[in-house]
Amino acid sequence: MAEHVIMDANGIRRTLVRLAHEIAERDEIGQVVLLGIKRGGEIVAERVRDCLYEAEGIRVPCGGIDIGMQRDDLVSAFFVPDYTAERPDFSIENKIAVLCDDVLNTGRSVRAALEAIFKIGRPREIQLLELIDRGGRELPIRADFVGKNVPTSRSEYVEAYFTELGAAEDRIVIGKEDAND
């Protein structure tokens, strides 16, 4: 499996600064809340929050969304777990919720996140921010803010590595699945 770095730490930082500026230009910052799809999207949301603070001087509420129980591929006739939606420590009611994730592919994670959001409140608007859009949509989902478009085939993968999640350095790589797996 040969991997190719498509975005290094500096590229990620520059991209997040640009995305934060795009949010500031489009939205009333005082009405924005950031919700990151756990785990990588949560890192993206926290970093966008920090970039918005540096640019605008406003600390935007930021929290994570756990989509595990909303996944449409989590199906079992024998086990239906008891689930209570995690609630952020701020209200999303009538706010502009910017849903953040690291890599957009089929759209299924975003669909699950939308369901999770509506279990915790009803924002005025939901916008989608993706660090990487790799195409391959199976659902009619489109990001409002995109860091980089990286068209891929089904045999390729895109992986984001963040220091907050144990990586030695921030980077985003593209690779090809090994045919022998």
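Counting restarts for each chain, with residues numbered from 1 along the sequence as it is written. Selection of residues for local features in this predicted model requires a pLDDT of at least 70, selection of side-chain atom pairs for listing and counting requires 80 or more, and totals for whole chains, interfaces and linings are taken over all residues. Hydrogens and water molecules were not included; the side-chain quantities draw on all heavy atoms of the structure.

1. Some details on the sheet that holds strand E1 (residues 3-8)
Strands in a sheet are paired, the pairing made by backbone hydrogen bonds, and the direction either parallel or antiparallel. A sheet is described by the order of its strands in space; here three strands give the open sequence E1-E8-E7, paired in antiparallel fashion. Each edge of the open sheet carries a strand with a single partner, namely E1 and strand E7 (156-161). Going from strand to strand, the sheet's axes swing by 25 degrees on average, the running direction of each strand aside. If DSSP finds at least two bridges between two strands, the strands pair. Secondary structure counts use DSSP, requiring at least four H or I residues in a row for a helix and at least two E residues in a row for a strand, with both numbered from the N terminus. Taken together, the five bridges between E1 and strand E8 (residues 171-176) define a ladder with antiparallel strand orientation. Bridge pairing links Val5 to Val173 in E8. The axes used here are C-alpha line fits, helices contributing only the stretch in contact, and every angle between their N-to-C directions lies in the interval 0 to 180 degrees.

2. Observations concerning the pattern of salt bridges
Any carboxyl oxygen of Asp or Glu within 4 Å of a side-chain nitrogen of Lys or Arg constitutes a salt bridge here. All chains considered together, the criterion is met by 12 salt bridges. For Asp144, the salt bridge identified is with Arg26, shortest N-O distance 3.6 Å. Taken together, the residues Asp144 in the loop between strand E5 (125-133) and strand E6 (145-149) and Arg26 in helix H1 (residues 9-26) connect sequence positions 118 residues apart. Any residue under 20% of the maximum accessible area for its type is buried, any over 50% is exposed, and the rest in between are partly exposed; the area is computed with a 1.4 Å probe on protein chains only. A relative accessible area of 24% means that Asp144 is categorised as partly exposed. Among the salt bridges present, the one from Asp50 reaches Arg59, with a minimum N-O distance of 3.5 Å. What makes Arg59 partly exposed here is its relative accessible area of 48%.

3. Considering the sheet that holds E5
Strand order in the open sheet formed by five strands is E3-E2-E4-E5-E6, and the pairing between neighbours is parallel. Looking at the sheet topology across the chains shown, the edges are occupied by strand E3 (62-65) and E6. Recorded for the sheet is a direction-independent mean angle of 25 degrees between the axes of neighbouring strands. One ladder, built from eight bridges, connects strand E4 (residues 96-104) with E5; its direction is parallel. By the bridge assignment, Ile96 is partnered in E5 with Glu125. Residue contacts are defined here by distance: any two heavy atoms, one from each residue, within 4.5 Å place the two residues in contact. Helix H2 (residues 40-56) contacts strand E2 (32-37), E3, E4 and E5 of the sheet and is inclined by roughly 150 degrees relative to E2.

4. A short note on H2
With 17 residues, H2 should cover 24 Å at 1.5 Å per step; its first-to-last C-alpha distance of 24 Å lies within 8% of that length. Within the sequence span of H2, burial applies to Gly40, Gly41, Ile43, Val44, Ala45, Arg47, Val48, Cys51 and Leu52. Lining the buried residues of H2 we find H1, E2, E3, E4 and E5. Phi turns positive, to about 75 degrees, at Gly57, one or two residues after H2. Each residue after the first adds 1.5 Å to the expected span of a helix.

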